[in-house]
Amino acid sequence: MAARLVFLGRLEDAAGMPEMAIEPGALEQVLARLDPALAVELLGERVRLALNGALLPETGGVILADGDELAFLPPVSGG
Amino acid sequence: MPPADVRLLGDPFDPAAELAAFTARHPQAGGVVSFLGQVREGDGVEALELRQYGPLTLPGMQRLAEATLARWALEGLMILHRHGRMHPADPIVLVAASARHRRDAFAAADFAMDHLKSDSWFWKREKADGQWRWIEPREQDYADRARW
């Protein structure tokens, strides 16, 4: 089993893929195993997070379990 | 509150047919106000792509519809929004509000559009000169939302 990171908008280009399977664990540890340039983008001030479809009020303390999906949401530009 | 017709569409739609069907469903409305957004031609734009995120995008549109219905006295509300790839002149978004009196319909359609532009979970990129480029949000979109 694994957890999944989903990259929306320009973060998909930064990651080079729309989603990525990762080892579960604390988000800081998950990010530490990524390309540092990508990790910096993902932690951008204007990037919101959604865990299993629910927006997180803040990014601290996130721990990913098996089967979790964490989405990184840059500012929207719709309509 | 009347139910809203909210759809996230992966394929092209016919705005005239949708608006005719919506209007026919609300014969008691004295006025129907609609807004159609389409892919703008020019600046070398060959294509536009809107990406959505399943768990957030449609539920967010449904919440926006509920907020719009709660705020104005409407007979009906329709919000249709494309995702996927589009070309210049393709319809992107259609909002229609019907009401007994026109002011409510104008305001509701305006409110729904401002929030679709600034708050909805869509990410947009354009292809020009063979290159895809992500579009950042415009300050004007936040200013438009702040009017409410």
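Here the structure is a predicted model, which means the values were calculated and not measured.

A. Here's a closer look at the overall build of chain B. Per the secondary structure count, chain B includes four helices and eight strands. Of the regular secondary structure in chain B, the N- to C-terminal order runs β-α-β-β-α-β-β-β-α-β-β-α. Relative to its length of 148 residues, chain B is compact, with a C-alpha radius of gyration of 15 Å against a globular reference of 15 Å. Taking the principal axes of the C-alpha coordinates as reference, chain B spans close to 50 × 30 × 30 Å. The long-range fraction of contacts in chain B, counting pairs at least 24 apart against all pairs at least 6 apart in sequence, stands at 78%.

B. Up close: the packing of helix α3 (residues 102-119) of chain B against helix α4 (residues 139-146) of chain B. All names here are of chain B. Viewed as axis vectors pointing N to C, α3 and α4 meet at an angle of 140°, and their least axial separation amounts to 9 Å. With respect to their mutual orientation, α3 and α4 come out oblique. Along this stretch, α3 crosses α4, giving a crossing that reads as left-handed. Seen from α3, the contacting residues are D114, H115, K117, S118 and D119; seen from α4, they are D141, Y142, D144 and R145. Counted by class, the contact of α3 with α4 contains one nonpolar, two polar and six charged residues.

C. Inspection of the sheet that holds strand β2 (residues 31-38) of chain B at higher detail. All names here are of chain B. Read from one edge to the other, the open sheet built from four strands follows the order β1-β4-β6-β2, with strand pairing classed as mixed. Looking along the sheet, the strands with just one partner apiece sit at the ends: β1 (4-9) and β2. With direction set aside, neighbouring strand axes in the sheet form an average angle of 5°. One ladder, built from six bridges, connects strand β4 (residues 76-82) with strand β6 (residues 91-99); its direction is antiparallel.

D. Looking closely at the confidence of the model for chain B. Mean pLDDT over chain B works out to 94, with 100% of the residues at or above the 70 mark. Both confidence scores are given for the complex: pTM 0.91, ipTM 0.90.

E. Molecular detail of the environment of R145 of chain B. All names here are of chain B. Of note, R145 is situated in helix α4. Between the C-alpha atom of R145 and that of H115, which follows or precedes it by 30 residues, the distance is 6.0 Å. Discounting residues that sit within four places of it in the chain, R145 has contacts with D114, H115, S118 and D119.

F. Local environment of the nonpolar core. L77, M78, I79, V95, A97, A108 and A112 of chain B are the most contacted members of the largest nonpolar core, which has 25 residues in total. Those elements that provide at least two residues to this core are β1, α2 (57-71), β4, β6 and α3 of chain B. Ranked by the residues each element gives to this core, the list is headed by β6 of chain B, at seven residues. Of all hydrophobic cores here, the second largest spans 22 residues; its members include F7, L11 and V76 of chain A together with L48 of chain B.

Reading guide: rules and limits
Residues numbered from 1 in each chain as written. Chains lettered and ligands numbered in written order. Predicted model: local features only at pLDDT ≥ 70, side-chain atom pairs only at ≥ 80, totals over all residues. Helix = DSSP H or I, 4+ residues; strand = E, 2+ residues; numbered from the N terminus. Rg over C-alpha atoms; globule rule 2.2 N^0.38 Å. Contact = placed C-beta atoms within 7 Å. Axes fitted to C-alpha atoms, helices over the stretch in contact; angles between N-to-C directions. Parallel < 35°, antiparallel > 145°, perpendicular 65-115°, else oblique. Left-handed = near helix turned anticlockwise from the far one by under 90°. Nonpolar A, V, L, I, M, F, W, Y, C, P; charged D, E, K, R; others polar. Pairing = 2+ DSSP bridges. pLDDT = per-residue confidence, 0-100. Core = buried A, V, L, I, M, F, W, Y, C linked by C-beta atoms within 7 Å. Buried ≥ 20, exposed ≤ 12 C-beta atoms within 10 Å, placed from the backbone.

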